[in-house]
Amino acid sequence: MKNMIKLLKTSPVSARFGLIVITLSLVVALLAPILAPYGQSEIVSDVWLSPSYDYPLGTDQLGRDMLTRLIYGARNSIFIAFTTTMIAFGLGAILGLIAATTGGWLDILLSRIVDIFMAFPTLILALMILSVLGTSIPVLIVVVALLDSTRVFRLARALAMDIAIMEFVDAARLRGEKTLYIVWREILPNALPALIAEFGLRFCFIFLFISSLSFLGLGIQPPTADWGSMVRENSGAMNFGILCPLYPAATIALLTVSINLVVDWFLHRSAQIRA
Amino acid sequence: MMNEQRLLTIKNLQIEGWQEEKWKPVVKGIDLHLNRGEVLGLIGESGAGKSTIGLAAMGYARKGCRISGGSINFHGKELREASERELENIRGVKIAYVAQSAAASFNPSHQLMTQFAEIPLEHGLMTQAEARQKAVNLYTRLFLPDPEGIGFRYPHQVSGGQLQRAMVAMAMACDPDIIVFDEPTTALDVTTQIEVLSAIKDVVRQSNCAAIYITHDLAVVAQLADRIMVLQNGLEVEEGDARSMLHAPKQEYTARLLAVRRVIKEARPPVEEEPLMRVEHITAAYKNGPSILHDVSFNVHRGRTVAVVGESGSGKTSVARVITGFLPQSEGMIYFDGIEMSPLLKHRDKNRLRKWQMIFQMPDVAINPRHKVKEIIGRPISFYYGLGKKQVGKRVGELLDMIELDTGYLDRYPSELSGGEKQRICIARALAASPELIICDEITSALDQLVAEEILKLLQRLQDELNMSYLFITHDLATVKAIADDVVVMYQGRVVEQGPRQTVFTPPHHEYTELLLSSVPEMDPDWLDNLLKKREQKEMNK
């Protein structure tokens, strides 16, 4: 804990900003029912009202309170995107590292499977699988995570290939270490910075990917609020010069930028350890 | 009179480097001057600031460095105040630079000639045809084979020594007044080093320019320099005429640098007992490729050190790879303690793997940068002996003591260690397994000479205490003299000569051993000239 505080004290302004935004989003997401002035799918007024005292950010295309929807949206969007990214990383990174370290038939098998998945456009593949399996949130998370783990697999494998030829890995092999030890203790710590950088980006992609699925009716189902689908649903308002779709767009941008600011700081620090 | 010849005057030069979020002094006030026709040798260990000074002579500071004080006067022009444009017209044209690794400095996708002509054409100093003419002329003067045609080859199509000479030619394209040589022969074999040294020497003499020659090797600089400046930690230790400095150094530090190559291990009589390891008739090849080892046989006795010597490509590292099981042999067998060793690493069992350990060439990449020292040394102990945390900790402490480091190092990461300390940690990791044999692959070649000497002394002490055997893979004959009992000389994948060190190093030699031995630079300034004369005569006699 002391170390954490010390670490925060030395952090640059950009990273602090990122951390504050992330913490704020998490707090909002957790306390959504308490913070939100209205119900998630409660129709409170007319369509696309301008901001006022009662509706600080106006209302959306069905007359629901925008602020309420944003607060609930934080909950759904962050939870789903985060869980999905975690699963994608857990799966992709571990398999990628093992494939690169063992080589041989396992590597060939896994790589070809990944190639097959990557040969199809992700969105179309996701649509196909989701329309067969139905559109509950757990299914959505698993399908998107699986599809995205192919990208993580490729990255992790490429990273591990470079690390596996280093002499400290040779030294571990000479000692007679098992593959899992080598992957876990020798290779993973060195691949971690790049993987975390990718995590920041992947999180944003998945965020947007889920919103495209929502737009096509196979993602998060209405009336559940989620930032991505809120942009799509309200996009018509742009024609009338109403700022409505820009609020969820801005929150997406703010959160993704913040995550990447923190990731950058982390990368900078780990580069120092290495050099 | 003197001032007319004066090309470069550097006064009170101070350079700072950006480290740990602060500007820290790297070069702390150096005075230096260079006259036409003169070669100044800059020597010192890594971190002494010699390359930084070399670059500063061109008014250039590397990224993360800045020139913070002093003056650099070239031909009456102050380089610190010169504009980028003016500097562009000086760099590469009036002052040229030859980097340590030609292989890394050439663009692999252009022909040598294209790269040669780049600067002269860019500055409009020559036409394409003139540049070509000039290149052929310089290639001839640098004794490159086929000077007419070699310019049309790509960097990967010529050897390392030839590439280094092509780079010297490139530096001389615009007839510069000053050439800065930054360790141009460090990455080369001794036999190749001779070619490059003699080429540089001739060319500098003929073209009447001045040169700054940067190296960590006093014997190399002795062959070329008129004056030598010794640097340590960004400060001048001493400066003076090359001959008098080599003859009678004024400072203790210089004297230590001079003495470093003169350590010779006491000869021990050969033993007749059953050897610890027998390598018998090994032939090996990389996947489907031609054989790189042919019928290699030698023995390693208990408590003795065997050195495998040869230039790069001689197969000496492949021998280590076969023994360690990374490269399974196609024929032949290795016996350890009288028992046959399986060619494949994964078929060897843990208890036998414990008995031989390896120390690698580059300590930087041989230890995991993300592990603390206690994990690095502790892992073999818990892995082989299955000891508890407390006992491992105790043993790690003992091992640190053996390699002359204190327990303050336990929680450090490799990036917080110097090169020599890292190599000590690698030694401790090998010792942690309590092995009977340690394979040392060029373990001192990435280290400064003084540090390397310390490491060799440490290894010798450990051998005396623990009666281990060493297999030393090296290209450096000074290392061989300092540590080996037995020597195996390899050339093109074959053993050309082997036996106790005194026998191999006393004439008559095999032809290749002779070449290898005579190519090691000596501290005598006339050594290179004498050697070349001798070799010429030999050619004539033939």
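Heads up: the structure comes first, above all this text.
Quick caveat: nothing in here was measured; it's all calculated off a predicted structure.

Caption draft 1: Seen up close, the overall build of chain A. In terms of helices and strands, chain A carries 11 helices and zero strands. In sequence order, chain A lays out its α and β elements as α-α-α-α-α-α-α-α-α-α-α. Restricting to contacts in chain A with at least 6 residues of sequence separation, those with at least 24 account for 70%. Here chain A displays about 13,700 Å² of accessible surface, and carbon together with sulfur accounts for 72% of that area.

Caption draft 2: Fine view of a nonpolar patch on the surface. Nonpolar side chains collect at one region of the surface, where A:Val27, A:Leu30, A:Leu31, A:Ile34 and A:Leu35 lie side by side and expose about 490 Å² of accessible area between them. Checked against the element boundaries, A:Leu30 lands in helix 2 (residues 13–30).

Caption draft 3: Up close: the interface of chain B and chain A. Between chain B and chain A, the contact holds 24 residues from the first and 22 residues from the second. In this structure, A:Glu177 and B:Arg379 form a salt bridge, with 2.6 Å as the shortest nitrogen-oxygen distance. Between chain B and chain A we count nine residue pairs in polar contact (both at pLDDT 80 or more) in total. Of all the elements in the fold, those that place two or more residues in the side of chain B that touches chain A are helix 13 (316–324), helix 15 (363–366) and helix 16 (373–385) of chain B. For the side of chain B that touches chain A, the residue count by class is 13 nonpolar, five polar and six charged.

Caption draft 4: View of helix 18 (residues 419–432) of chain B. Residues and elements named next belong to chain B. With 14 residues, helix 18 extends 20 Å from end C-alpha to end C-alpha; this agrees with the ideal 20 Å at 1.5 Å per step. Judged by how many residues are buried, helix 18 sits mostly within the fold: 13 of 14 residues are covered. Once helix 18 ends, the next one or two residues include Ser 434, with phi positive near 45°.

Caption draft 5: View of the sheet that holds strand 7 (residues 178–182) of chain B. Residues and elements named next belong to chain B. Sheet architecture is open: six strands sit in the order 6-7-8-3-9-10, paired in mixed fashion. Unpaired on one side and paired on the other, strand 6 (95–98) and strand 10 (235–241) mark the two borders of the sheet. With direction set aside, neighbouring strand axes in the sheet form an average angle of 15°. Sheet topology places strand 3 (residues 39–43) next to strand 9 (residues 227–232); four bridges connect them, and they run parallel. Counterpart to Leu 42 in the pairing with strand 9 is Met 229. Of the strands in this sheet, strand 6 and strand 7 are in contact with helix 8 (residues 160–171), which crosses strand 6 at around 170°.

Caption draft 6: Inspection of the nonpolar core at higher detail. Residue and element names in this part refer to chain B. Counting residues in each nonpolar core, the largest one holds 86 residues, and the members touching the most others are Phe 298 and Leu 471. Sort the elements by how many residues they give to this core and helix 18 lands first, with seven residues. Leave out the neighbours within four places in its chain, and Leu 471 touches Met 277, Phe 298, Val 300, Val 306, Val 308, Ile 323, Leu 437, Ile 438, Ile 439 and Cys 440. Counting 61 residues, the second largest nonpolar core, distinct from the first, contains Ala 166, Met 172, Val 203 and Tyr 253.

Caption draft 7: Looking closely at the sheet that holds strand 1 (residues 6–19) of chain B. All names here are of chain B. Read from one edge of the open sheet, four strands run 2-1-4-5, paired in antiparallel fashion. The sheet is open, and its two borders are formed by strand 2 (22–35) and strand 5 (77–78), each paired with just one other strand. With eight bridges connecting them, strand 1 and strand 4 (residues 65–74) associate as antiparallel partners. Bridge pairing in strand 4 places Ile 15 opposite Ile 67.

Caption draft 8: Main features of the packing of helix 5 (residues 112–122) of chain B against helix 8 of chain B. Residues and elements named next belong to chain B. In the contact formed by helix 5 and helix 8, the axes pass within 9 Å of each other and the chain directions differ by 25°. Between helix 5 and helix 8, the angle falls in the class roughly parallel. By crossing handedness, the relation of helix 5 to helix 8 is classed as right-handed. Of helix 8, the residues touching helix 5 (which contributes Leu 112, Gln 115 and Phe 116) are Leu 163, Ala 166, Ala 169 and Met 170. Residue composition of the contact of helix 5 with helix 8, grouped by class: six nonpolar, one polar and no charged.

Caption draft 9: Representation of the pairing of strand 4 of chain B. All names here are of chain B. The pairing of strand 4 with strand 5 spans two bridges and is antiparallel. Across the sheet, Phe 74 pairs through a bridge with Lys 77, a residue of strand 5. Counted between consecutive antiparallel strands, the loop separating strand 4 from strand 5 contains two residues, among which His 75 sits at a positive phi close to 55°.

Analysis parameters
- Residues numbered from 1 in each chain as written.
- Chains lettered and ligands numbered in written order.
- Predicted model: local features only at pLDDT ≥ 70, side-chain atom pairs only at ≥ 80, totals over all residues.
- Heavy atoms only, no water.
- Helix = DSSP H or I, 4+ residues; strand = E, 2+ residues; numbered from the N terminus.
- Contact = heavy atoms within 4.5 Å.
- Areas by Shrake-Rupley, 256 points an atom, 1.4 Å probe, with all protein chains shown as cover.
- Patch = residues over 30% accessible without salt bridge, like charges linked within 9 Å, V, L, I, M, F, W, Y side chains within 5 Å.
- Salt bridge = Lys/Arg side-chain N within 4 Å of Asp/Glu carboxyl O.
- Polar contact = N/O pair within 3.5 Å; in protein donor to acceptor, adjacent residues only side chain to side chain.
- Nonpolar A, V, L, I, M, F, W, Y, C, P; charged D, E, K, R; others polar.
- Expected span 1.5 Å × (residues − 1).
- Buried < 20%, exposed > 50% of the residue type's maximum accessible area, 1.4 Å probe, protein only.
- Pairing = 2+ DSSP bridges.
- Axes fitted to C-alpha atoms, helices over the stretch in contact; angles between N-to-C directions.
- Core = buried A, V, L, I, M, F, W, Y, C linked by side-chain atoms within 4.5 Å.
- Parallel < 35°, antiparallel > 145°, perpendicular 65-115°, else oblique.
- Left-handed = near helix turned anticlockwise from the far one by under 90°.

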